[in-house]
Amino acid sequence: MPIQQMTREALDTPSAQCFACLDLITQQQQMSSVTKTTLCIYHSMNIKLCIFNNAIKTSKYNIFTFLPLNLFEQFRRLANAYFLFLLILQLIPQISSLPWFTTAVPLILVLSITGVKDASDDINRHKCDGQVNNRNVDVLMDGQLKNEKWMNVQVGNIVKLENNEFITVTSERNSFQNEPLNLVYVETVGGDYTDCFKLSSNYPVNCLELFADTDFCFSGEVRCEPPNNRLDKFKGTLTLNGERYALNNDKVLLRGCTLRNTEWCFGLVIFGGPDTKLMQNSGKSIFKRTSIDHLMNILVLCIFGFLASMCSILTIGNAIWETNEGSVFTMFLPREPGIDAPLSSFLIFWSYVIVLNTVVPISLYVSVEFIRLGNSFLIDWDRKMYYPKNDTPAQARTTTLNEELGQIKYIFSDKTGTLTQNIMTFNKCSINGKAYGEQLCFCKKTERVDFSWNNLADPKFSFHDHRLVEMVRSGNPETQEFFRLLSLCHTVMPEEKKEGELNYQAQSPDEGALVTAARNFGFVFRSRTPETITVVEMGKQVIYELLAILDFSNVRKRMSVIVRSPEGKLTLYCKGADTMIFERLHPSCNKLMEVTTNHLNEYAGDGLRTLALAYKDLDKTYMIDWKHRQHEASVAMEGREEKLDELYEEIEKDMMLLGATAVEDKLQDGVPQTIEQLAKADIKIWVLTGDKQETAENIGYSCNILRGEMKDVFVVSAFALEKKLRLELLRTACMCQTVICCRVTPLQKAQVVQLVKKYKQAVTLAIGDGANDVSMIKVAHIGVGISGQEGMQAVLSSDYSFAQFRYLQRLLLVHGRWSYIRMCKFLGYFFYKNFTFTLVQFWYAFFCGFSAQTVYEDWFITFYNMVYTALPVLGMCLFDQDVNDRWSLYHPQLYAPGQKNQYFNKKAFVSCVMHSCYSSLILFFIPWASMHDTVRDDGKEIADYQSFALLAQTLNTFQLCLDTYYWTAVNHFFVWGSMVAYFSITLTMCSNGMFYMFTSSFPFIGTTRNSLNQPNVWLTIFLTFVLCILPVVAFRFIFIQLRPTINDKVKKHLGYKMRTEELPVPAPRRLRRRRSTRSGYAFSHSQGYGDLVTSRKFLMKRSTKRAPLFTQTDSSIFQNQPQHYRTIAEEAEESQGHSP
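Going by the annotation in an unreviewed UniProt entry, the name recorded for the chain is Phospholipid-transporting ATPase, with Astatotilapia calliptera given as the source organism. The annotation that UniProt attaches to the chain under Sequence similarities (unreviewed entry) is "Belongs to the cation transport ATPase (P-type) (TC 3.A.3) family. Type IV subfamily."

Undergrad: What exactly am I supposed to notice about the overall build of the chain here?
TA: Each helix and strand in the chain was counted, giving 37 helices and 32 strands. Sorting the 1140 residues of the chain into buried and exposed places 56% on the buried side. In the form shown here, the chain has an accessible surface area of approximately 49,800 Å², with 58% of it arising from carbon and sulfur atoms.

Undergrad: Honestly, the confidence of the model for the chain in this entry has me stumped. Any pointers?
TA: Interpretation of the predicted coordinates at a detailed level should be avoided for regions scoring low in pLDDT. Averaged over the chain, the pLDDT score is 76; the fraction of residues at 70 or greater is 74%. The low-confidence segment residues 1097-1140 (pLDDT under 50) makes 84 contacts with residues lying over four places distant or belonging to another chain.

Undergrad: What is the right way to read the nonpolar core from this model?
TA: Tyr-352, Phe-826, Leu-827 and Phe-831 are the most contacted members of the largest nonpolar core, which totals 86 residues. The element that contributes the greatest number of residues to this core is helix 22 (residues 807-845), accounting for 18 residues. Among all residues touching Leu-827, those that are not within four sequence positions of it are Ile-292, Met-296, Leu-364 and Phe-904. Counting residues in each nonpolar core, the second largest holds 49 residues, with Leu-486, Leu-488, Phe-523 and Val-536 among its members.

Undergrad: Looking at this structure, how should I read the pattern of salt bridges?
TA: Any two side chains of opposite charge can pair, on the condition that their charged atoms come close. Here the structure, examined in full by the defined rule, presents 27 salt bridges. As a salt-bridge pair, Arg-810 and Asp-382 come within 2.5 Å of each other at their nearest N and O atoms. Of this pair, Arg-810 sits in helix 22 while Asp-382 sits in the loop between helix 8 (363-380) and strand 14 (395-396), and the two are 428 residues apart along the sequence. Given a relative accessible area of 9%, Asp-382 falls into the buried group.

Undergrad: Sorry if this is basic, but what is going on with the environment of Ala-794 here?
TA: Examined against the element boundaries, Ala-794 turns out to sit in helix 21 (residues 793-797). Ala-794 gets classed as buried once you look at its relative accessible area, which sits at 0%. Sequence-wise, Ala-794 and Val-774 are 20 residues apart; in three dimensions their C-alpha atoms are separated by 5.3 Å. Setting aside residues no more than four positions away along its own chain, Ala-794 makes contact with Gly-768, Asp-769, Gly-770, Val-774, Ile-777 and Gly-785.

Undergrad: Can you walk me through the packing of aromatic side chains in this structure?
TA: To describe a pair of aromatic rings, you give the distance between the ring centres and the angle between the ring planes. For the structure on display, the rule yields 39 aromatic pairs. Seen from their ring centres, Phe-463 and Phe-521 are 5.5 Å apart, and the 85° between their planes marks the pair as edge-to-face. Here Phe-521 lies in the loop between helix 11 (509-520) and strand 20 (523-528) and Phe-463 lies in the loop between strand 17 (434-436) and helix 9 (466-473), a separation of 58 residues in the sequence. Each of the two residues, Phe-463 as well as Phe-521, counts as buried. With centroids separated by 6.0 Å and ring planes inclined at 50°, the aromatic side chains of Phe-973 and Phe-974 adopt a geometry described as tilted. Members of the aromatic cluster, joined through ring pairs, are Phe-426, Phe-451, Phe-461, Phe-463, Phe-482, Phe-483 and Phe-521. Lying over the aromatic face of Tyr-504, Arg-519 brings its terminal NZ or CZ to 5.6 Å of the ring centre. Sitting over the ring of Phe-830, Lys-833 keeps its end group 4.2 Å from the ring centre.

Undergrad: Any chance you could explain a negative patch on the surface here in plain terms?
TA: A contiguous patch of negative charge on the surface is contributed by Glu-641, Glu-642, Asp-645 and Glu-646. Looking at where Glu-646 falls in the secondary structure, it is placed in helix 15 (residues 640-651). A relative accessible area of 56% places Glu-646 in the exposed class.

Undergrad: For this particular structure, what's the right way to read a nonpolar patch on the surface?
TA: A cluster of nonpolar side chains, Ile-313, Phe-846, Phe-847 and Trp-928, forms an exposed patch at the surface whose accessible area comes to about 390 Å². Positionally, Ile-313 belongs in helix 6 (residues 291-329). Assessed through its relative accessible area of 45%, Ile-313 is described here as partly exposed.

Undergrad: Looking at this structure, I do not really get the packing of helix 2 (residues 78-90) against helix 3 (residues 101-133). What am I missing?
TA: Between two packed helices, both the angle of their axes relative to each other and the distance between the axes serve to describe the pair. Running from N to C, helix 2 and helix 3 point in directions that differ by 150°, and their axes come no closer than 9 Å. Classified by the interaxial angle, the pair formed by helix 2 and helix 3 is roughly antiparallel. Considering only the axes of helix 2 and helix 3, their crossing is left-handed. Of the residues in helix 3, those in contact with Asn-80, Phe-83, Leu-84, Leu-86, Leu-87 and Gln-90 of helix 2 are Thr-102, Thr-103, Ala-104, Leu-107, Val-110 and Leu-111.

Undergrad: Explain the packing of helix 24 (residues 870-879) against helix 30 (residues 969-989) to me, please; I cannot follow it from the model alone.
TA: It is at 8 Å that the axes of helix 24 and helix 30 come closest, and there the two elements cross at 165°. Comparing their axes, helix 30 and helix 24 come out roughly antiparallel. Along this stretch, helix 24 crosses helix 30, giving a crossing that reads as left-handed. Contact with helix 24, carried on its side by Leu-871, Pro-872, Gly-875, Met-876 and Phe-879, involves Val-970, Asn-971, Phe-974, Val-975 and Ser-978 of helix 30 and no other residues of that element. Across the contact of helix 24 with helix 30, the residue classes tally to 7 nonpolar, 3 polar and no charged.

Undergrad: Help me understand the environment of Phe-304, please; the structure alone is not making it clear to me.
TA: Considering the arrangement of structural elements, one finds Phe-304 in helix 6. Under the relative-accessibility criterion, Phe-304 is labelled buried at 18%. Along the backbone, Phe-304 and Val-359 are 55 residues apart, and their C-alpha atoms lie at a distance of 8.5 Å. Sequence-distant contacts of Phe-304, that is, excluding residues within four places in its chain, are made with Leu-78, Tyr-82 and Val-360.

Undergrad: Whenever I open this one, the pairing of strand 23 (residues 558-564) confuses me. Can you help?
TA: Both faces of the sheet carry side chains from a regular strand, because those side chains alternate between them. Across the 7 residues of strand 23, 6 count as buried, placing the element largely inside the fold. As judged from the 5 bridges shared by strand 22 (residues 540-550) and strand 23, these two strands associate in the antiparallel manner. Along strand 23, the bridge assignment pairs Ile-549 with Val-561. Across 7 bridges, the pairing between strand 23 and strand 24 (residues 570-576) is antiparallel. Opposite Ile-562, over in strand 24, you have Leu-572 as the bridge partner. Connecting strand 23 to the next strand, strand 24, in antiparallel fashion are 5 residues, including Gly-568 with a positive phi near 95°.

Undergrad: I keep staring at unusual backbone geometry and nothing clicks. Help me out?
TA: What you tend to see is this: most non-glycine residues have negative phi, and most peptide bonds are trans. Phi is positive for Gln-761, close to 55°, though the residue is something other than glycine. Here Gln-761 shows up in the loop between helix 19 (746-760) and strand 30 (763-768). Residues other than glycine seldom take positive phi values, yet Ala-852 does so here, at roughly 65°. Structurally, Ala-852 is set in the loop between helix 22 and helix 23 (858-868). Residue classification places Ala-852 among the buried positions, given a relative accessible area of 3%.

Undergrad: Looking at this model, I keep getting lost on the pairing of strand 30. Mind explaining?
TA: Where burial is concerned, most of strand 30 is hidden: 6 out of the 6 residues are buried. In this sheet, strand 30 lies alongside strand 15 (residues 408-413) in parallel orientation, the contact comprising 5 bridges. Following the sheet pairing, Phe-412 is matched in strand 30 by Ala-766. Examined bridge by bridge, strand 30 and strand 31 (residues 782-786) share 4 bridges and lie parallel to one another. Along strand 31, the bridge assignment pairs Ile-767 with Val-784. Since strand 30 and strand 31 lie parallel, the crossover through helix 20 (residues 774-779) that links them has a hand, and here it is right-handed.

Undergrad: I would appreciate a short explanation of the state of the cysteines in the present structure.
TA: Two cysteines joined by a covalent bond between their sulfur atoms form a disulfide. Tallied over the entire structure, the rule returns 0 disulfides. We note that Cys-736 lacks a disulfide partner, and the nearest cysteine sulfur, in Cys-734, lies 8.8 Å from it. The thiol of Cys-917 is unpaired, and the distance to the nearest cysteine sulfur, on Cys-912, comes to 9.6 Å.

Undergrad: Would you take a moment to explain the environment of Glu-478 for this structure?
TA: Looking at the element boundaries, Glu-478 is found in helix 10 (residues 477-488). Exposure remark for Glu-478: the relative accessible area of 29% places this residue in the partly exposed category. Along the backbone, Glu-478 and Leu-657 are 179 residues apart, and their C-alpha atoms lie at a distance of 9.9 Å. Residues within four places of Glu-478 in sequence aside, it is in contact with Ile-431, Asn-432 and Leu-658.

Thresholds applied
Per-chain numbering applies: the sequence of each chain, read as written, is numbered from 1 onward. Per-residue local features are limited, in this predicted model, to residues with pLDDT of at least 70; the limit for side-chain atom pairs, both in listing and counting, is 80 or more; totals at the level of whole chains, interfaces and linings are taken over all residues. Side-chain measures here rest on the full set of heavy atoms in the structure, leaving out hydrogens and waters. UniProt positions are given in the numbering used here, feature names are shortened, and annotations may be inferred rather than shown by experiment. Each helix corresponds to a stretch of at least 4 residues labelled H or I by DSSP, and each strand to a stretch of at least 2 residues labelled E; elements are numbered beginning at the N terminus. When a residue's accessible area, from a 1.4 Å probe over protein chains only, is under 20% of the maximum for its type it is buried; when over 50% it is exposed; and in between it is partly exposed. Here the Shrake-Rupley method, with its probe set to 1.4 Å, supplies the accessible areas, and only the displayed protein chains count as covering residues. pLDDT is defined as a per-residue confidence score from the predictor, taking values between 0 and 100. Throughout, a contact is declared for two residues whenever any of their heavy atoms are within 4.5 Å. For the purposes of this section, nonpolar cores are sets of buried Ala, Val, Leu, Ile, Met, Phe, Trp, Tyr and Cys residues that join through side-chain atoms within 4.5 Å. Salt bridge criterion: a side-chain nitrogen from Lys or Arg within 4 Å of a carboxyl oxygen from Asp or Glu. Only Phe, Tyr and Trp rings are paired, with Trp represented by its six-membered ring, and only when their centres lie within 6.5 Å; those with planes under 30 degrees apart are stacked, over 60 edge-to-face, the remainder tilted. Note on criteria: charge over ring means Lys NZ or Arg CZ within 6 Å of the ring centre, with the direction from the centre no more than 35 degrees off the ring normal. Each patch is built from salt-bridge-free residues with over 30% relative accessible area, joining like charges within 9 Å and nonpolar side chains (Val, Leu, Ile, Met, Phe, Trp, Tyr) within 5 Å. Positive charges come from Lys and Arg alone, negative charges from Asp and Glu alone, with His and the N- and C-terminal ends not counted. Where a charge sits is defined by one atom per residue type, namely NZ (Lys), CZ (Arg), CG (Asp) or CD (Glu). Only the stretch in contact is used when a helix axis is fitted, and all axes are lines through C-alpha atoms; the angle between N-to-C directions ranges over 0 to 180 degrees. In what follows, roughly perpendicular refers to angles from 65 to 115 degrees, roughly parallel to angles under 35, roughly antiparallel to angles over 145, and oblique to any angle outside these ranges. Here a crossing is taken to be left-handed if its near helix is turned anticlockwise relative to the far helix by less than a right angle, and right-handed if that turn runs clockwise. Charged residues are taken to be Asp, Glu, Lys and Arg, nonpolar residues to be Ala, Val, Leu, Ile, Met, Phe, Trp, Tyr, Cys and Pro, and polar residues to be all remaining types, Gly included. Pairing between strands is defined by DSSP: at least two bridges between them are needed. Here the term right-handed applies to a crossover when the path leading from its first strand over the helix to its second strand runs clockwise, the strands being oriented away from the viewer. Cysteine sulfur atoms are paired as a disulfide whenever they come within 2.5 Å of each other.

Structure below.
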């Protein structure tokens, strides 16, 4: 039958999914005619599912839904809905005491600016979606490979994956690919919860058998589990030509992985789009709002209540005034027909809602957006967060969370690729009681060991102890046996593109580092088959017969190989955790064990990953019997693992100790310094990793998360996240200085973050670099993505991104702290000026018969928030600094007030309201008293309503100058420019020309000239200014003396020179020794690779056309050279040294 695809609805079966497609085709026959093949996929669910294509969508709008949806979202903000209601009220003539444009202009401006910002953000989401959905892939259709977009790939399609290709579906691997051992190398840093290269086995059926028939006719079906988020398990069966085969996780390529060092392979699509395991783990996108946003909503509700109270008071006053005094005025101000005193009071209530509307700040939200946008640009433009090696700047991917960066209490960090580079280097070793490998001396240049005598040496390998290579070349038997063990006891797969150019594909990076070390010291692992291992020993090729691999397990914590040399000698080589090896040594090794233990403690104190090496010579007769018993145990249907463990324990006894190795997991530049600074800022750091406990502990010590003097260190495994244990986990963890969570899946990472968010009420930050970190990045208040080796999945889901972990301290301690302080200053000043502005209207009501007359001119009300006071406050909130960036990093304790939310809270808001009440009383009654019964120099009256209004509004602009710490040219321009703009606009609006052109709109003709040319008016302005400012200055001075904050203490200590004084040169860091917690290679190894290597089902011709793993030869990964982090002071000294 021709290739066809059937929908789920076409199936009359309980299963919900079935697709027919072609599978398993050889490279030589891939362009042949249409084959007669049927293969069905069943997802075992007894419910009807929707058919998903492989497209992903993170955008919110399209061209048709943007306007209605965006307006709906904006009017869900209480303030916007309130001003829309207010605008409707202003269109009612009986109520409105202000023209409609005083509300319409600011509202339209706010909605437009927010809409433009939302549209820009959504356009970026569309672009990111397009980049993923429009990637090309070869799909097998009608017997031919056709180029198709990933978004059009569906479940049941056969796709061809090529080297270095990113996988965007969950596919089932074909059993035939262009790889010499029939293995697929998969880099899972983007999609799994471990970060390494995986060797992937395939079906226990060979493709050559399937295509033995010239008609290529076969049929089959795949039955598998429904879509789920379990990355470590997969269950299914393949029925092919009447035979059933088991499918497990080793035969599945997950979305987010990358095909490495495999020229091509075919895959059958099992899950697509949102059904893929990666997307199932991604979690839902959460609309993130800052704690200040939540506080603002509460305060706006309080302001509504305050507004209702003021309007009710004035309404009662109007009712009393109308009853007692209103009848006197009805002779020349008659009421409209049908309106009596009670109805008039009711209408006055709504009139005062309009007049006092400025207490609810409509421009608050647009001003907040401008400030956040400006601070986001400052992050984008920060050259000190730019990584030139990858041409990667820091990027604020959201503009709504900047001030939250200044309130972080918990940081949740991934390990591999975030804290470390995932690059292992052979650093030190102990052989027969003698230690080798010296620490680099940075005061003078240390010469590297010359390996030119070894033609097969890795040129990137670096070692500085010349004694070791001399011992090897002199023929020392213990030293040569040491490196012979490293070249034989492993599961590394070699790849030789050209003669002499070896490339090792290791399941764990530390295993690769050990084999590379043996290679450079003359024991070169050259090739392997299931039965043999070929090693070049000091220039001579030796082929060992591989008899058995005693595989690693979490319980054994070691692995062994049994080999036969060409001379017939049988030897067991073992390496693993020192605790496991030392228990199985011959008693004659006790003295050597003590010496080696001291070396191991020293290595562990340096933060190196350690393991011990041992060997044992075996008797031929015993080996024959043991091998027979081992075969019987391996095929047992019950108790197979227990029987094998007993045999392994039996043979791994009375071994002879060779020594120990120490491998360094290279950290990213500046990680220890960054973590130390963040700890000083009282930020708690939790490490969430898929690694095993010992590996995570070692990295913790290396990067300063764990320190030897710590008493409270909490390391937990994933089982602690069970429902019954979660609260106990949180309670215990929060009493510790450091928490490391091991063996956690992406979804469990998100659960840990959610646990802290829910019960600790603290601001959290999650940082990672791979797709396995997306869930926690989305759940945390702040998500940070590192754009590194693991793809862009974390970056695309993050709020902020940069290239190196060390930039996190600048993001938080500088930009975060500044943003928080600026936002708090803005809110304090904004509420102060609006309450002061509105309360003047409130006091004026008692002098105008509660008639809802405004004390200010209409155009002043319209321009007050949007023109006169907008730029000065923006200037302060974009450029203000209490201390500069260098001192912010030098004194991380300055970060503490933000964590405690000290600068703006409910208490600060109440204080702001009280300050506004005082200022409004001064601003109203001082001008009123000074102008009462006052005459001009020429004897004419000055005390008219318009002159008083002009004087009251002129005094409302001085408080901002007191709150500005850091004056720039921009601040001066905005402050003095706004004052000039105010007087210029006021003179224009009170001019004769405006009155003649728009008589009804500009009634204040000549008021400015009449008032401001009088000396007593300027004296009143000065007196009012002094009375407003003097109590504030006095209160701040007394408060600093009696209860100084950490900022006050630092600024007092630094004084005026803090902006120009050079930072002190930091003292050299001393290497801290820590207690021995040794682990290493064995703990990042995975069980099952021994059986995979020794299996007989993957012998095929070797390919020499494979693409290189790293194409960028100038990268640190390719060169494998150590990098050194420089402090700011060192960079400054270097730049001064190079300056002419």
